[in-house]
Amino acid sequence: MSYIRVKKANCKNCYKCLKHCAVKSIRYIDEKVDVIEEGCILCGRCVNICPQKAKTVVNDPAAVLDMLADPHVRVVASLAPSYAGVYGAENAGRLVTALERLGFDEVQETALGANEVTHRYKQLIDEGTMPVILGTCCPAVNDLIVKYYPDLIPYMAPVVSPALAHGRMIKEAQGTQTKVVFVGPCLAKIKEIAEHPESADGVISFRMLDQLLAERGIVLEELQAKDGGRPAPFSRIYPIPEGVVRDVRHAAGSAQREYAGYRFMSVCGVENVMEFLEELRAGQVDKVFVELNACDGGCVNGPLIAEGRR
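So, how was this worked out
- Residues numbered from 1 in each chain as written.
- Predicted model: local features only at pLDDT ≥ 70, side-chain atom pairs only at ≥ 80, totals over all residues.
- Heavy atoms only, no water.
- Helix = DSSP H or I, 4+ residues; strand = E, 2+ residues; numbered from the N terminus.
- Pairing = 2+ DSSP bridges.
- Axes fitted to C-alpha atoms, helices over the stretch in contact; angles between N-to-C directions.
- Contact = heavy atoms within 4.5 Å.
- Salt bridge = Lys/Arg side-chain N within 4 Å of Asp/Glu carboxyl O.
- Buried < 20%, exposed > 50% of the residue type's maximum accessible area, 1.4 Å probe, protein only.

K.L.:
Could you give an account of unusual backbone geometry, naming the residues involved and the relevant values?
P.N.:
One non-glycine residue, Leu42, lies in positive phi territory at about 60 degrees. At Glu242, a residue that is not glycine, the phi angle is positive and equals roughly 70 degrees. On the secondary structure map, Glu242 appears in the loop between helix 10 (206-215) and helix 11 (243-252).

K.L.:
I'd like to hear about the sheet that holds strand 8 (residues 179-184), residue by residue, with values.
P.N.:
Read across the sheet, four strands follow the order 6-5-8-9 without closing on themselves; strand pairing throughout is parallel. Pairing within the sheet leaves two strands with one partner each, and these edge strands are strand 6 (106-109) and strand 9 (202-205). Taken pair by pair, the neighbouring strands of this sheet meet at an average axis angle of 25 degrees, ignoring direction. Across the face of the sheet, helix 10 comes into contact with strand 5 (75-79), strand 8 and strand 9 while running at roughly 75 degrees to strand 9.

K.L.:
Give a description of the side chain of Lys189 that names residues and reports values.
P.N.:
Mapped onto the elements, Lys189 comes out in helix 9 (residues 188-194). Sequence-distant contacts of Lys189, that is, excluding residues within four places in its chain, are made with Cys137, Pro139, Ser161, Ala163, Phe182 and Val203.

K.L.:
Lay out the pattern of salt bridges with the relevant residues and their values.
P.N.:
Under the defined criterion, the tally for this structure stands at 16 salt bridges. Among the salt bridges present, the one from Asp151 reaches Arg281, with a minimum N-O distance of 2.7 Å. With a gap of 130 residues between them, Asp151 in the loop between helix 7 (139-148) and helix 8 (162-174) and Arg281 in helix 12 (residues 270-281) connect regions that are remote in the sequence. Among the residues examined, Asp151 registers a relative accessible area of 41% and is labelled partly exposed. For Arg281, a relative accessible area of 36% gives the class partly exposed. Residues Asp201 and Lys171 are paired through a salt bridge, measuring 2.9 Å at the closest nitrogen-oxygen approach.

If you want it as structure tokens, here you go:
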């Protein structure tokens, strides 16, 4: 399935997307630009770099809206912790109210799933059997490794992303009939969740959330704040650079840059991640736990954030 659609009429052949695609998965053929699906990692850079807005994300909200409109279906929002950088931490309670106005029965923070992921990472470090542990929170980076560095797959932590972990937690606690919708800034999450329907049932990007609120006449700043229920753990720091690393160190009770013989690293940006993976491939890296983010600046700079909120 294609997750990025090119509006041919809008494309002015400026070649900007070709120049900025780190994995060269955009081609120009027959006087038109096209995304090479089998090579695309859905980092979202081409969507935002296009001055003509010729590229749009394929994420029809109809299925999610149908779930929200059905009084017989319980729908839980898994809210990405990057909301604090996009909407402001002070608006957490207002976001809960806004999502309930849209029809969600409950709002939880994806950080709850991140906390489970952190403890699994710590367990891997404590076991010490993997010479290098590549964090697997970012689906765009996961696709990058699988498609372009398949020889490095053995270094990928056998751990799901926080969104999938949280979805599984909700369904285990409330029943598989409960629907889970991830709300966040990530394009690659749309594909990840579509490929794991047992864990979650849909995605609303922050960009789409803004559109839905505008259509319903819901102004975030005018809403009454509401308690989001279960408190989120320290894992709320996941979306910033070194957030995963800091959370693992926090879980380990260590303020040091090393723990159990592993050094900690954080790499952000597709080109930087590729450079690191080349070094790993060349045998220049050993005994390290690495947090990898496709987005420069981490998830708080995800591709599906409305321009006015960046």
